[in-house]
Amino acid sequence: MRMMERNKSKFFYALYKEKVPKTDEYGNVTGEYEIIRDNPVEFSANISAAKGETSTRQFGESESYDKVIVMGTDAPPIDEYTVLWVDTVPTVDEDGVLAVNENGEILTPHDYIVKKVAKSLNSVSIAISKVNVSG
């Protein structure tokens, strides 16, 4: 059965782009990396209210997650490196880039991460976990 429109909820996702090495004031590589992601994109899908026993077997017994997003075959290329805004809406500037304050901290950081993606013939299920991220 196709995804019913009335059961879909809006969320935002940002795909992983690349990992760039950080440098100090002298141009030396510090050994740390900055993760670069695409701008947040809006999408609608069926998002479960909470983890259930039926969904637990779908991703395996050892995987811990909070919610499941179920999408049809029109699913975007979300993977384990994607971050999500499910309970919040990201604040973006006029270019669609995440807005930051004067200290360079993101105003609305992501609130969920992808734990596992399970693809089937007619749908894609994504296990997600809530995280607390400071800007």
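Look up a bit, the structure's there.
Treat the numbers as computed from the prediction; the structure is a model and nothing was measured. (Residues numbered from 1 in each chain as written. Predicted model: local features only at pLDDT ≥ 70, side-chain atom pairs only at ≥ 80, totals over all residues. Heavy atoms only, no water.)

Q: I would appreciate a short explanation of the overall build of the protein in the present structure.
A: Secondary structure summary: the protein contains one helix and eight strands in total. Written out in order from the N terminus, the α and β elements of the protein read β-β-β-β-α-β-β-β-β. Out of the 135 residues in the protein, the part that is buried amounts to 30%. Entry remark: accessible area of the protein is about 8800 Å², with carbon and sulfur atoms responsible for 47%. (Helix = DSSP H or I, 4+ residues; strand = E, 2+ residues; numbered from the N terminus. Buried < 20%, exposed > 50% of the residue type's maximum accessible area, 1.4 Å probe, protein only. Areas by Shrake-Rupley, 256 points an atom, 1.4 Å probe, with all protein chains shown as cover.)

Q: Got a minute to help me understand the sheet that holds strand 1 (residues 9–14) in this structure?
A: Sheet strands pair by backbone hydrogen bonding; their relative direction is either parallel or antiparallel. One closed barrel holds the six strands; their spatial order is 1-4-5-8-7-6, and the pairing between them is antiparallel. Strand-to-strand twist across the sheet, computed as the mean angle between neighbouring axes with direction ignored, equals 45°. In the sheet, strand 1 pairs with strand 6 (residues 83–85) via three bridges, with the strands oriented antiparallel. Following the sheet pairing, A14 is matched in strand 6 by V83. (Pairing = 2+ DSSP bridges. Axes fitted to C-alpha atoms, helices over the stretch in contact; angles between N-to-C directions.)

Q: Looking at this model, I keep getting lost on the environment of V92. Mind explaining?
A: Relative to the helices and strands, V92 resides in the loop between strand 6 and strand 7 (112–119). Spatially, the C-alpha atoms of V92 and L107 are 8.8 Å apart, while their sequence positions differ by 15 residues. Every residue in contact with V92, bar those within four places of it in the chain, is listed here: P40, V97, L98 and A99. (Contact = heavy atoms within 4.5 Å.)

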